[in-house]
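Geometric and topological summary
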Amino acid sequence: MGHYVARRLLHLVPILFGITLLSFGMMYLAGGDAVTAVLENQGVAVTQELIDAKRHELGLDQPFLVQYLNWLAGLLRGDMGTSYVSGKDVFATFVSKLPATMLLTLSSVVVTVVIAVPLGILAATRQNRFVDYLIRVLSFVGNSLPNFFVALLLILVFAITLGWLPVISANIGKTGLAAISWTGLILPTATLAIAMASKYTRQIRATVLDELNKPYVAGARARGVPERVILFKNVLKSVMIMLVTLLALSIGDLLGGTAIVETIFQWDGVGKLAVDSMTMRDYPMIQAYVVWMAIIYVVVNLVADLLYFRLDPRVRLGGDGQ
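Residues numbered from 1 in each chain as written. Predicted model: local features only at pLDDT ≥ 70, side-chain atom pairs only at ≥ 80, totals over all residues. Heavy atoms only, no water.

Observations regarding the overall build of the protein
Helix and strand counts for the protein stand at 13 helices and zero strands. Along the protein, helices and strands appear, N-terminal first, in the series α-α-α-α-α-α-α-α-α-α-α-α-α. Here the analysis covers contacts within the protein between residues at least 6 apart in sequence; of these, 73% occur between residues at least 24 apart. Accessible surface computed for the protein: about 17200 Å², of which carbon and sulfur atoms make up 67%. (Helix = DSSP H or I, 4+ residues; strand = E, 2+ residues; numbered from the N terminus. Contact = heavy atoms within 4.5 Å. Areas by Shrake-Rupley, 256 points an atom, 1.4 Å probe, with all protein chains shown as cover.)

Concerning the pattern of salt bridges
Under the defined criterion, the tally for this structure stands at six salt bridges. Note that Lys 97 is salt-bridged to Asp 268, the shortest N-O span being 2.8 Å. A residue pair is termed long-range when its members are at least 10 positions apart, and Lys 97 in helix α5 (residues 90-125) and Asp 268 in the loop between α11 (259-264) and α12 (270-279) qualify at 171 residues. On the basis of relative accessibility, which here comes to 13%, the residue Asp 268 falls in the buried class. (Salt bridge = Lys/Arg side-chain N within 4 Å of Asp/Glu carboxyl O. Buried < 20%, exposed > 50% of the residue type's maximum accessible area, 1.4 Å probe, protein only.)

So, the packing of α5 against helix α8 (residues 186-212)
Two elements in contact, α5 and α8, have axes separated by 7 Å at closest approach and are oriented at 35 degrees. The two elements α5 and α8 meet at a crossing, and its hand is right-handed. Within the contact of α5 with α8, the residues separate by chemical class into 19 nonpolar, six polar and one charged. (Axes fitted to C-alpha atoms, helices over the stretch in contact; angles between N-to-C directions. Left-handed = near helix turned anticlockwise from the far one by under 90°. Nonpolar A, V, L, I, M, F, W, Y, C, P; charged D, E, K, R; others polar.)

What about the packing of aromatic side chains?
Per the stated rule, a full pass over the model turns up five aromatic pairs. Seen in terms of ring centroids, Phe 64 and Tyr 68 are 6.4 Å apart; in terms of plane orientation they differ by 15 degrees. Their pairing is stacked. With a gap of four residues between them, Phe 64 and Tyr 68 both fall in helix α4 (residues 64-76), about one helical turn apart. Look at Phe 94 and Trp 292: their rings are 6.0 Å apart centre to centre, the planes differ by 65 degrees, and that puts the pair in the edge-to-face class. On the criterion of sequence distance, the pair formed by Phe 94 in helix α5 and Trp 292 in helix α13 (residues 283-311) is long-range, its members being 198 residues apart. Per residue, the accessibility class of Phe 94 equals that of Trp 292, and both read buried. Clustering of aromatic rings is evident, with ring pairs tying together Phe 17, Phe 64, Tyr 68 and Trp 71. (Phe/Tyr/Trp six-rings, centres within 6.5 Å; stacked < 30°, edge-to-face > 60°.)

Some remarks on the side chain of Glu 262
Inspection of the secondary structure assignment puts Glu 262 in helix α11. Within polar-contact distance, the side chain of Glu 262 engages the backbone nitrogen of Gly 271 at 2.7 Å. Among the polar contacts made by the side chain of Glu 262, one reaches the main-chain amide nitrogen of Lys 272 at a distance of 2.8 Å. (Polar contact = N/O pair within 3.5 Å; in protein donor to acceptor, adjacent residues only side chain to side chain.)

Let's talk about the side chain of Thr 20
Within the secondary structure, Thr 20 sits in helix α1 (residues 2-29). Overall, the relative accessible area of 3% leaves Thr 20 in the buried class. A distance of 2.9 Å separates a polar atom in the side chain of Thr 20 from the backbone oxygen of Phe 17. Residues contacting Thr 20, with those up to four places away along its chain left out, are Tyr 68, Trp 71, Gln 287 and Val 291.

Thoughts on α4
Relative to the 18 Å expected for 13 residues at 1.5 Å per residue, α4 spans 18 Å between its end C-alpha atoms, a close match to the ideal helical length. Residues Gln 67, Tyr 68, Trp 71, Leu 72 and Gly 74 constitute the buried set of α4. The buried residues of α4 occupy an angular sector of 160 degrees when projected down its axis, which confines them to one face. Residues of α4 that are exposed and point more than 90 degrees away from the buried face comprise Leu 65, Leu 69 and Leu 76. A positive phi of about 85 degrees marks Gly 78, the residue just after α4. (Expected span 1.5 Å × (residues − 1). Arc of directions from axis to C-beta.)

Comments concerning the confidence of the model for the protein
Note that predicted coordinates carrying low pLDDT should not be read in detail. With 85% of its residues at a pLDDT of at least 70, the protein reaches an overall mean of 79. Looking at the elements of the protein, mean pLDDT is at its lowest for helix α2 (residues 31-41), recorded as 65, and at its highest for helix α6 (residues 130-144), recorded as 91. In the model, residues 317-322 has pLDDT below 50 throughout and makes twelve contacts with residues more than four positions away in sequence or in other chains. (pLDDT = per-residue confidence, 0-100.)

Structural data, given as C-alpha cells:
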C-alpha cells in the first residue's frame, strides 16, 4: 500500500509539470491581450508605449522559458505571482476563496448522499411498482435539467415568489466565510444536489438490482437469511464501492468550483473567482486555478483507489496486492 501511494504521488509530478507548461504556454500566446486588459481595467488610455512599459514591468517581454521557469520557481516557494487586476497576491487571494467552495462541496455531497442512497435502494426493492416508476421519472427529470435552469427556477419559486430565501448568497463588504449568508447556502446546495442525487439514484438502483440477481443472494434467501440482512450486510457493500467512484468525480468538480452556480448566486468561491478572472484576463489567477484543478483530480482519484482497497479486498491496486 505504501509503495503504491508513493508511486502515485511521484506520478503527480510529471502530470502537474505538463499541465502547468501547457496552460502557461496558452497564457504566453495571449500575453498582449493581458496587458491591454490590465491597462483598460486601470482606466488609462492605451498606447503602444504604455503597453511596452507594462509588459516589461510584468516580465512579459522575456523569453517563454524564462517566464515559465521564473513562475515555476515561485510556485515551488508558494508564490504564484500578483493579480493583474487587483494587484494582490494570487496565492493568498485563491486560498481565501477555498473555504466557501469547500463548504458548498460538503453541503452538496451530504444532501446528495442522504437523498440518493435511500431512494436508489427503495426503487430497486420495489422494482416495477409505482414507487419505482415515480423515483425513476423524477431522477430522469432532475438529471436532464441543466444547473443554470434549476438555479433560476429555484430563485423564481423560493426567492422571488415565496420570498423565503435570498437571491444573493453573499454579505456585501465581507470576504471569505464571513461573506456567506447561511440561509443563502440552501439554494446553491439544492441546485447542485438535485442533479447529483438524480444521477446517483439511477446508478444505485442499477447496482442494487444487479446484486440482488446474483447467485449468492439466491443462496442466502434459500438458507432463510432475512431480506434486510442481505440488503444491508452484503448488497450495500457493492453500492458503497460504486458510490465512491461517483463521489470521486463529483467532489473533484465541486472543489474545482461550479462556475455557473457560484456566479448565479454570487457565491464567493473558487468557481466565481475563475469566471471573473477569465472575463478580465487575469492570467496569473487563471494559472492558479488550473494548478488547483490538476492537484484536486489527482488527489481525489488517489483517495478513491485507497477506499476501493478498504471496501473490497479483491481490488488490487496497480497489481501490487497479492
